[in-house]
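# Remarks on the overall topology
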Amino acid sequence: MPLHVPPAPAPALRSVLAALGSPTAVHEAHTPSLRALQGPVTAELPLPVHVLDRLDGSGRPAGGRPPRTRLTGWRFLIRSGDRFVAAADTRLTPDGWAFSHFFEGPYVAATERALRQAESLGKGYQPRLLSVPELYMLTLWLHGAVGADASAGLPAAADLLVPLAPAPPGIAAFRPHPVSELLPVLTHRLTRSAPPVPPPVAAPAA
C-alpha cells in the first residue's frame, strides 16, 4: 500500500530548489557525490523531522507531561537518475522556511530502504522522521493518521517506529516497532544516559 507522503510547505521546497540551482550552495556542501553530478537532480519525498523530548524514568518529560515531539524541519531526498544521492534539510526562521544544508551518508540510503519497506506493510501510513538526539538515533515514524497535520501530533501507541541504520547498540535497524514497545526502551536508555542531578546547595547560616 502506498505511503501518504505529506506535502511540504511550499517555501521549504522552493528554498531547496533554489539551493540546488545555485553552484555556490552545491559547491560549498560537504557532499562529494552531489558536487560531482552532471545531470539534473530533483527534490523528492519530503519528510517532516520531529524531535522527541527527553523523557524521565516514568516515560514522561520533566513535569509529568505526556511525551511530545517538536517539528524542527523538513527533509527532502535528492534524486539523480534512479538513485538518491543526498538529502536537503530546511529550517524554520523568523522569515519562514529556509534551506539549511545538504548532506549525504548512511541515513540517506537507510531512509530510502525504510520507506520501501514501509510500503510493503499492507497498511497506509503518513511517513515522518523522529529524532532522539541524546541517543544519536533517527527513526522513520509511520503515523497511522494519514490525513493529519504533518507538523504536529504525538506518536500514537499503534504507530510504528523503524530505527534507521546506524542504530544504537542493541536496537535492530529496519525492524518496525510499535511505539508502545519501543518508547519504554528509549525511556530507559535516556534515563541511564542522563547526567546525575547535583544536590541543592544549602544556604549559608545567617
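The structure we're discussing is the one just above.
The present account deals with the structure reproduced in this document. Just so we're clear, the structure is a prediction, and the values are computed from it rather than from any experiment.

Moving on, we come to the overall build of the chain. A tally of helices and strands in the chain yields 5 helices and 8 strands. Pairs at least 24 apart in sequence give 56% of the contacts found in the chain among residues at least 6 apart. As presented, the chain carries roughly 10,800 Å² of accessible surface, and 60% of it is formed by carbon and sulfur atoms.

Our next topic: the pattern of salt bridges. In this structure the tally under the stated criterion is 3 salt bridges. Note that Glu112 is salt-bridged to Arg116, the shortest N-O span being 3.0 Å. Of the two residues, Glu112 and Arg116 are both situated in helix 4 (residues 106–119); the distance of 4 residues between them amounts to about one turn of the helix.

It is worth spelling out the pairing of strand 3 (residues 83–93) at this point. Two faces make up the sheet, and in a regular strand the side chains alternate between them. Most of strand 3 is tucked away, with 8 of its 11 residues classed as buried. The sheet contact formed by strand 2 (residues 69–80) and strand 3 spans 7 bridges and is antiparallel. Paired with Arg75 across the strands is Asp89, a residue of strand 3. Linking two consecutive strands that pair antiparallel, namely strand 2 and strand 3, is a turn of 2 residues; a positive phi of about 65° is found at Gly81 within it. In the sheet, strand 3 pairs with strand 4 (residues 96–103) via 7 bridges, with the strands oriented antiparallel. Within strand 4, the position partnered with Thr90 by the bridge is Phe99. From the end of strand 3 to the start of strand 4, which pair antiparallel, there are 2 residues.

With that out of the way, let us pick up helix 1 (residues 10–20). If you check which residues of helix 1 are buried, you get Ala12, Ser15, Val16, Ala19 and Leu20. The buried residues of helix 1 all sit within an arc of 140° when viewed along its axis, so they share a single face. For helix 1, the elements touching its buried residues are helix 2 (23–28), strand 1 (42–52), strand 2, strand 3 and strand 4.

Across the junction of Ala165 and Pro166, the peptide omega takes the value 5°, indicating a cis bond. Summarising the element assignment, Pro166 is placed in the loop between strand 7 (160–163) and strand 8 (177–178). Even without being a glycine, Tyr136 presents a positive backbone phi close to 50°. Assignment of secondary structure puts Tyr136 in the loop between strand 5 (126–132) and strand 6 (137–143).

Moving on: the sheet that holds strand 2. Here 8 strands make up an open sheet; going across it, the order is 4-3-2-1-5-6-7-8 and the pairing mixed. Two strands bound the open sheet, and with one partner strand each, they are strand 4 and strand 8. Here 3 bridges tie strand 1 to strand 5, and the two strands are oriented parallel to one another. Across the sheet, Val49 pairs through a bridge with Leu129, a residue of strand 5.

How each quantity is defined
Residues numbered from 1 in each chain as written. Predicted model: local features only at pLDDT ≥ 70, side-chain atom pairs only at ≥ 80, totals over all residues. Heavy atoms only, no water. Helix = DSSP H or I, 4+ residues; strand = E, 2+ residues; numbered from the N terminus. Contact = heavy atoms within 4.5 Å. Areas by Shrake-Rupley, 256 points an atom, 1.4 Å probe, with all protein chains shown as cover. Salt bridge = Lys/Arg side-chain N within 4 Å of Asp/Glu carboxyl O. Buried < 20%, exposed > 50% of the residue type's maximum accessible area, 1.4 Å probe, protein only. Pairing = 2+ DSSP bridges. Arc of directions from axis to C-beta.

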